[in-house]
Amino acid sequence: MWEGYVDWRNRPAMTGCHGGVVAASFVLVVEILENLAYLANASNLVLYLSKIMNFSPSASANIVTNFMGTSFLLGLLGGFLSDACLTTYYIYLISAAIEFMGLLMLTFQARIPSLRPSICASVNRNTSCNEAGRGQAAMLFGGLYLVALGVGGIKGSLPAHGAEQFDENSPQGRKHRSTFFNYYIFCLSCGALIAVTLVVWVEDNKGWQWGFGISTVAILSSIAIFLLGSGTYRIKVPKGSPFTTIFKVLVAAFCNSLFPKNSISNVLDTRKSPQNTTEISQEEEGHGEWKEEIQTEMNDQKFIDKSTMDKAAYPSLHCTVKQVEEVKIVVKILPIFMSTVMLNCCLAQLSTFSIQQAATMNTYIGALKVPPASLPIFPVIFTMILAPVYNHIIIPFARAATKSEMGITHLQRIGTGLFLSIVAMAVAALVEMKRKRVAAQSGLMNSTEPLPITFLWVALQYLFLGSADLFSLAGLMEFFFTEAPLSMRSLATAVSWASLAMGYYLSSVIVSIVNHITGRFQRTPWLYGSNLNHYHLERFYWLMCILSGLNFLHYLLWATRYKYRSTEPDDQRDKNDNTPSEAQL
């Protein structure tokens, strides 16, 4: 039996019958359909809001970033519920049903004219169009945030559900798990490819109701396929709220700091706790080096150590070594998490201003007219090519060269993504300068006619940001999953999506701050009005480039000091908490 796992009928999961590549394959197919349903609308939503719902470009951009930010932030809720009370299996089914209802609402609104405002064709930046009324806006945001709730639950449960199908007690199982995360990103790209080509074309040429309808069918199909794989899954048994452990340790440390009864810490002496009898006996059998290492790490975080004082202020707050170590792991990975927020702030531009830039340019490739929202096809295709190459060529070569199981460490992957985001923002600024120069030279600053410059220039920034996303997201998800304690894995994986959420929110905040500050020192803010040609978007991109550079330096500060917990399974980590090949970045 797989200890700690059950099947979908809550019976013990059996080796050879549950888990493995087949079970994970169902998850990957489901992810293609789920991401198709989400990105089919998210990638083109900024144009729907500006052209159909009559919001200004900057307002549309903020609505999109807030919507996508909320979607990813709610991944924390999905991860928490998966670890605390429900399983990843049921969280996915519930979340997919919620997303289905939200897409139905959006489909009806796009289908029925009375539920939308009248179309406005004004290009005068000082003239505002009639935006959606209260009832229309309520239906729009109700549908959007039902979708966001559903997407959050799926993102917080599905990756962890797939990764849990592999046996981490063997090197082969851990390698398969690493392969799963790479192909998870590949399947994200497959869904995105269909979304930004077929579905976006349908939305632009046949109507938005058809685009929303395709998304609705896709998410419904994903539920059916997920259920087909039920008999193959092994499902982790929830171990209670991870927040309870974190809260208890922090409260104990705080209380013991204010009301100490004994100044001598008893960090390792937990023999009085029945829960740690086996752990201590194992230590005494020959793991002195492990004790010294743990003691050293604990001394580096003295505040948390106080939660294990010999005579605590409140006996009910007594914490075991295992609980303290779990909280310390969370504290250690937080700086890495915070360092990725700026990268995702840059990625937010892919679905906002970059789409609007392309909409002002010549979108023909030969005789084929490409919808602006199909621009992400370039990084998507590049990701679909790079992901298998990375997994089957680069990683094996790196493993052979470094003589380590990982080959390329998680933090190295994340750092590569952060560096590429800096390059992407610099390229974006240069392209925008060229676009505006063409608009001025052609006398089309106040015209709705396409500029005589191909939209493929904008594709350059997409390639760099797409590459950054591949390196950072896959590395971040695997990093959080492998480093986190077993009881927090779904929540830890969801933290990757929370980084995306905070990036989208930060993008909205930066836009608002930039408009507020620049509006005080010149006639109009940098990002104001309904005509993108009058924006100072290139200055905004240069600002993002500088902020990304500073963020990269901040990341290096923490990454070079980080010591990996281990690549070994949880039941062996307590015996050997250090892998020499992974001691450094």
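Criteria and thresholds
- Residues numbered from 1 in each chain as written.
- Predicted model: local features only at pLDDT ≥ 70, side-chain atom pairs only at ≥ 80, totals over all residues.
- Heavy atoms only, no water.
- Helix = DSSP H or I, 4+ residues; strand = E, 2+ residues; numbered from the N terminus.
- Buried < 20%, exposed > 50% of the residue type's maximum accessible area, 1.4 Å probe, protein only.
- Contact = heavy atoms within 4.5 Å.
- Areas by Shrake-Rupley, 256 points an atom, 1.4 Å probe, with all protein chains shown as cover.
- Salt bridge = Lys/Arg side-chain N within 4 Å of Asp/Glu carboxyl O.
- Disulfide = S-S within 2.5 Å.
- Expected span 1.5 Å × (residues − 1).
- pLDDT = per-residue confidence, 0-100.
- Phe/Tyr/Trp six-rings, centres within 6.5 Å; stacked < 30°, edge-to-face > 60°.
- Lys NZ or Arg CZ within 6 Å of the ring centre and 35° of its normal.

Engineer: Report on the overall build of the chain, specifying residues and quantitative values.
Structural biologist: In terms of regular secondary structure, the chain is built from 21 helices and 6 strands. Burial analysis of the chain (585 residues in total) assigns 57% to the buried set. At a minimum sequence separation of 6, the contacts of the chain that also span at least 24 residues come to 82%. Carbon together with sulfur atoms contributes 65% to the accessible area of the chain, which is approximately 24,100 Å² in total.

Engineer: An account of the pattern of salt bridges is requested, with residue identities and associated values reported.
Structural biologist: Under the definition given, this model contains 7 salt bridges. Linking E432 and R435 is a salt bridge whose minimum nitrogen-to-oxygen distance equals 2.9 Å. With a gap of 3 residues between them, E432 and R435 both fall in helix 17 (residues 410-441), about one helical turn apart. Per residue, the accessibility class of E432 equals that of R435, and both read buried. Close ionic contact of K436 with E538 constitutes a salt bridge, the shortest N to O distance being 3.6 Å. One end of the pair, K436, is in helix 17; the other, E538, is in helix 20 (residues 537-559), with 102 residues separating them in the sequence. Both residues of the pair, K436 and E538, belong to the buried class. Here the residues in one salt-bridge network are E31, E34 and K155, joined through shared partners.

Engineer: Help me get a handle on the state of the cysteines, residues and values and all.
Structural biologist: Going through the model one piece at a time under the given rule, you end up with 0 disulfides. The closest cysteine sulfur to the non-disulfide-bonded C187 is located on C190, 5.4 Å from its own sulfur.

Engineer: Any chance you could break down the side chain of T363 for me, citing the residues and the numbers?
Structural biologist: If you trace the backbone, T363 turns up in the loop between strand 3 (361-362) and strand 4 (364-365). Residues within four places of T363 in sequence aside, it is in contact with A358, L368, K369, V370, P372 and F455.

Engineer: Any chance you could break down helix 1 (residues 21-42) for me, citing the residues and the numbers?
Structural biologist: The end-to-end C-alpha distance of helix 1 is 31 Å, a good match for the 32 Å that 22 residues give at a rise of 1.5 Å each. Of all the 22 residues making up helix 1, 16 are buried; the element is thus mostly covered by neighbouring parts of the structure.

Engineer: Mind laying out the confidence of the model for the chain, listing which residues take part and the relevant values?
Structural biologist: On average, residues of the chain score 79 in pLDDT, and 83% of them reach the 70 mark or higher. Segment residues 123-127: pLDDT under 50, and 12 contacts once partners within four positions in sequence are set aside and those in other chains are kept. Confidence drops under pLDDT 50 across residues 567-585; counting only partners more than four residues distant or on other chains, this segment forms 56 contacts.

Engineer: So what's going on with the environment of I246? Residues and values would help.
Structural biologist: With respect to the secondary-structure elements, I246 resides in helix 9 (residues 242-258). Residue classification places I246 among the buried positions, given a relative accessible area of 16%. Separated by 81 residues in the primary sequence, I246 and V327 place their C-alpha atoms 5.6 Å from one another. Among residues more than four places away in sequence, those in contact with I246 are V327, V330 and M488.

Engineer: I'd love a proper account of the packing of aromatic side chains, names of residues and values included.
Structural biologist: Tallying each qualifying case throughout the model produces 25 aromatic pairs. Geometrically, the ring pair formed by F180 and F181 is edge-to-face, given 5.6 Å between the ring centres and 65° between the ring planes. By relative accessible area, which is 1% here, F181 ends up buried. Judged by centre distance (6.1 Å) and plane angle (45°), the rings of F540 and Y541 are tilted. Through successive ring pairs, a cluster of aromatic residues spans F26, Y89, Y90, Y92, F226 and Y233. Above the plane of the ring of Y5 lies R234, whose end atom (NZ or CZ) is 4.0 Å from the centre. Over the aromatic face of W457 sits the side chain of K434, whose NZ or CZ is 4.9 Å from the ring centroid.

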